[in-house]
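Spelled out from the first residue to the last, the chains are:
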Amino acid sequence: MSAISPPSGLTTRPLTLADAPAVFAVIAEQERHDVGTVEVEEADLLADWGRPSYDLGASSVAVLDGDRIVAYAEHLGEERYDAAVVPSYRGRGIGTWLAGWVRQLARARGAAIVGMPVPQGSDGDQLLAALGYEVRWTSWVLRLPEGARIAERRLPAGYALRAATPADHEQVWTVTEDAFLEWSVRERAALADFGAQVWGRPGSEPWQLQVVVGPDGDVVAAAHSWNAGTDTFVSKLAVARAHRRRGLAQALLVAAFTAGRERGATSSSLSTDSRTGALGLYENVGMRIEATWVHRAVRLG
């Protein structure tokens, strides 16, 4: 894709589904170095790569030292990409080359801006800043300390909380996308792509998707979570605008964290960012910031 050659002694090729374990290893090594914990799972990669609209081969590049993948980048669509470099390979120009590769691909696809999240103050943050990438928003990983619990919130009359069924899927998609698109500037995710990352995520179980239904039986709020080791991670939490300020989000958090504990989790976490205005909500129920990330992006000329 890029006319610029990768750093000396390294080769490149597109990713394939079979590369998921190797790419996960690269990301995990980078996260341990940068933030001290590994937040990603191999299933996260497979869920993204399993979206029907996503062409992995046309959207990715692996950097190899011999047969070993030591870095990668992928344009996930529109304004977002992800990349990682094994820490021991930093300082060789790989990150700069990957950033250029992504810019060229995104520009060819008609994007006006492209960026990615990086831990605040990390090598990646410093590199992108030096390349002219500006901070668009800040994100936080929050965790409920081990042993702590969120106070239960009684639902208003007429509302009920339960595990989602396949019949709820389209309504879950609508409620979640409507809520996220209030602050996220992007196209609406297709139902099939959304489903690949939620009920189609590898290892998905019924307890991981819970909903609140209103008096008319329609889904008005939803939460998607899973257990990553001994931590329950809530990946999506959404309440329809007309049903907010009634305690539905807190009730769903309690339900998700409780379900995770029943399956061996000892802590609970989620991520939010400065566009949502939800940080105070999570801090008020006892969650504490564990890591801070910034989304850096650059405009494409």
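Description of the structure in this document. (Residues numbered from 1 in each chain as written. Predicted model: local features only at pLDDT ≥ 70, side-chain atom pairs only at ≥ 80, totals over all residues. Heavy atoms only, no water.)

## A look at the overall build of the protein chain
At step 1: What the protein chain contains, in helices and strands, is nine helices and twelve strands.
At step 2: Taken over C-alpha atoms, the radius of gyration comes to 20 Å for the protein chain, in line with the 19 Å a tight globule of 301 residues would show.
At step 3: Accessible surface computed for the protein chain: about 13,900 Å², of which carbon and sulfur atoms make up 51%.
At step 4: Looking at charge distribution, the protein chain has the averaged site of its 30 positive side-chain charges lying 4 Å from that of its 36 negative ones. (Helix = DSSP H or I, 4+ residues; strand = E, 2+ residues; numbered from the N terminus. Rg over C-alpha atoms; globule rule 2.2 N^0.38 Å. Areas by Shrake-Rupley, 256 points an atom, 1.4 Å probe, with all protein chains shown as cover. Lys, Arg positive; Asp, Glu negative; His and termini not counted. Charge placed at Lys NZ, Arg CZ, Asp CG, Glu CD.)

## A short note on empty space enclosed by the protein
At step 1: In this structure the tally under the stated criterion is one cavity of 30 Å³ or more.
At step 2: Of the pockets and cavities examined, the largest cavity occupies roughly 40 Å³.
At step 3: In this structure, the largest cavity is lined by V172, T176, F194, V198, L209, A222, A223, H224, K236, L237 and A238.
At step 4: For the lining of the largest cavity, the secondary structure elements donating two or more residues are helix 6 (169-180), strand 9 (219-228) and strand 10 (231-239).
At step 5: Looking at the lining of the largest cavity residue by residue, the classes come out as eight nonpolar, two polar and one charged. (1 Å grid on protein atoms, 1.4 Å probe; cavity = no way out; pocket = protein on both sides within 12 Å on 5 of 7 lines; lining within 4 Å. Points joined across faces, edges and corners; volume = space filled by probe spheres on them. Nonpolar A, V, L, I, M, F, W, Y, C, P; charged D, E, K, R; others polar.)

## Some remarks on the environment of V220
At step 1: Looking at the secondary structure, you find V220 in strand 9.
At step 2: Spatially, the C-alpha atoms of V220 and D55 are 33 Å apart, while their sequence positions differ by 165 residues.
At step 3: Residues in contact with V220, not counting those within four places in the same chain, are Y159, V175, V212, V213, G214, A238, V239, A240, H243 and L248. (Contact = heavy atoms within 4.5 Å.)

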